[in-house]
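The lines below spell out each chain.
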Amino acid sequence: MEANLMARYAIVIKNLWKSYNGKTVLSNISIYVNRNEKVGIVGPNGAGKTTLLKIIAGLEDYDSGEVNINGRVGMVFQEDILLPWMTIYENIELGLKYQGVDDKVRRDKVYRITELLGLTQYLDYYPNMVSGGTRRKTSIARAIVLDPDILLLDEPFTGLDLDTTNTLIKILSIIPSKLNMALLIVSHQFQELLQIVDRLYILGGVPSKIADEINIRDLGREERIIKVIKAFNMPKTRYSRPS
């Protein structure tokens, strides 16, 4: 892709195909994410959402197509993957420490991010001493403290209670503008995504295809839900293309 065109986008994926053991999982996927944009991908369990995120993060190969990434990528997995022998603070600073970042700079960055996420009071706790929601926010803090240009989140609402989910929705809604990064979230829980994202891709079918693309910003709450429900039953396939 031409450099001047790619500069407009954080992610551009074109005609992506992925298979496992001869079975196609992702079929002709084309999506894009603008800089500082919040984009969601919703689809049923087993639709290949996590596989798509891992391809974007460079953790999975793909069969054919184009994957263009503009900037540093941070990924938050569905599992917390926190080190149990380290405190919340030590888990968050770990990447910075490996990068050789100065102690004071490291501390300032951790406190800035944990204040944004409401984690400051838990910094001396260990992962087994805090709730699942706090562990989830710790995983997010560990990713964004490294200043990624693109933040990928895999099923961030799974296993959380309603109050924690609502808190996380508020946090994810402000991260792109506060920290100057693009956000790509995959989930099967579309009502949560509808409260955060600017655009939503519907992933469905066997193998999985992009069934629709919905511009959330132009719709009221009820219109959003109706459009998503209808999209899951659409027989046709639409392919997203950056202009």
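Right above here is the structure, for reference.
Residues numbered from 1 in each chain as written. Predicted model: local features only at pLDDT ≥ 70, side-chain atom pairs only at ≥ 80, totals over all residues. Heavy atoms only, no water.

Draft legend 1. Region of the structure containing the sheet that holds strand E8 (residues 199–204). The strand order across the open sheet built from 6 strands is E5-E6-E7-E3-E8-E9, with neighbouring strands paired in mixed fashion. Strands at the two margins of the open sheet, each flanked by one partner only, are strand E5 (73–76) and strand E9 (209–215). The average undirected angle you get between the axes of adjacent strands in this sheet is 15°. Strand contacts of helix H5 (residues 132–144): E5 and strand E6 (150–154), with the helix running at about 170° to E5, the strand carrying the most contacts. (Pairing = 2+ DSSP bridges. Helix = DSSP H or I, 4+ residues; strand = E, 2+ residues; numbered from the N terminus. Axes fitted to C-alpha atoms, helices over the stretch in contact; angles between N-to-C directions. Contact = heavy atoms within 4.5 Å.)

Draft legend 2. Structural detail: unusual backbone geometry. A cis amide bond links Val206 with the next residue in sequence, Pro207, at an omega value of -5°. With respect to the helices and strands, Pro207 occurs in the loop between E8 and E9. Although it is not a glycine, Asn28 sits at a positive phi angle of roughly 55°. With respect to the helices and strands, Asn28 occurs in strand E2 (residues 23–34). In this model, Glu155 sits at a positive phi of 45°, which is unusual for a non-glycine residue. With respect to the element layout, Glu155 can be found in the loop between E6 and helix H6 (162–179).

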